[in-house]
Amino acid sequence: MTRRCLVQVEAPESQAAGCDFYLPDPSYLPALEQQVAELRADKEAALAMGAADWVIRNFDDQIAGYNKSLTQMRHTLEALPEHERTAVEEAARELRKARSAAAFIPVERLNTRSAHERN
């Protein structure tokens, strides 16, 4: 029996959490948790500034959307047999490492041309 688990691979900040089709892969769990924490902090700042109700509602809706995705993802992972869950968690760690490594390209490895070479 083949199981499919959490197929969307977009970064959390590039997707709409309220969309019913939004389901990031498990490697984004920490990023989603961080996104929720940041939204909560932003909501608290907005409350302190006396922001309009619609602004606060927007934060609440975003937080609820991300929490829905987090809950769904955690439930799906918990439902997997132990060996499959372990494999998914290991793969997720490797994907986070790969994304992190790709984000840092040493400057000396970039090929640049001087203005004289371009002409």
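Residues numbered from 1 in each chain as written. Predicted model: local features only at pLDDT ≥ 70, side-chain atom pairs only at ≥ 80, totals over all residues. Heavy atoms only, no water.

1. A closer look at the pattern of salt bridges
Moving on, step 1. This model, assessed by the stated rule, comprises four salt bridges.
Moving on, step 2. In this structure, Arg74 engages Glu33 in a salt bridge whose closest nitrogen and oxygen atoms are separated by 2.5 Å. One end of the pair, Arg74, is in helix α2 (residues 53–79); the other, Glu33, is in helix α1 (residues 29–48), with 41 residues separating them in the sequence.
Moving on, step 3. Overall, the relative accessible area of 36% leaves Glu33 in the partly exposed class. (Salt bridge = Lys/Arg side-chain N within 4 Å of Asp/Glu carboxyl O. Helix = DSSP H or I, 4+ residues; strand = E, 2+ residues; numbered from the N terminus. Buried < 20%, exposed > 50% of the residue type's maximum accessible area, 1.4 Å probe, protein only.)

2. Considerations on the packing of aromatic side chains
Moving on, step 1. This model, assessed by the stated rule, comprises zero aromatic pairs.
Moving on, step 2. The ring centre of Tyr28 lies 3.9 Å from the NZ or CZ of Arg99, which sits over that ring. (Phe/Tyr/Trp six-rings, centres within 6.5 Å; stacked < 30°, edge-to-face > 60°. Lys NZ or Arg CZ within 6 Å of the ring centre and 35° of its normal.)

3. Things to note about the confidence of the model for the chain
Moving on, step 1. Of the residues in the chain, 68% reach a pLDDT of 70 or more, and the chain-wide mean stands at 80.
Moving on, step 2. Per-element confidence in the chain ranges from a low mean pLDDT of 57 for helix α4 (residues 115–118) to a high of 95 for α1.
Moving on, step 3. The low-confidence segment residues 1–10 (pLDDT under 50) makes 24 contacts with residues lying over four places distant or belonging to another chain. (pLDDT = per-residue confidence, 0-100. Contact = heavy atoms within 4.5 Å.)

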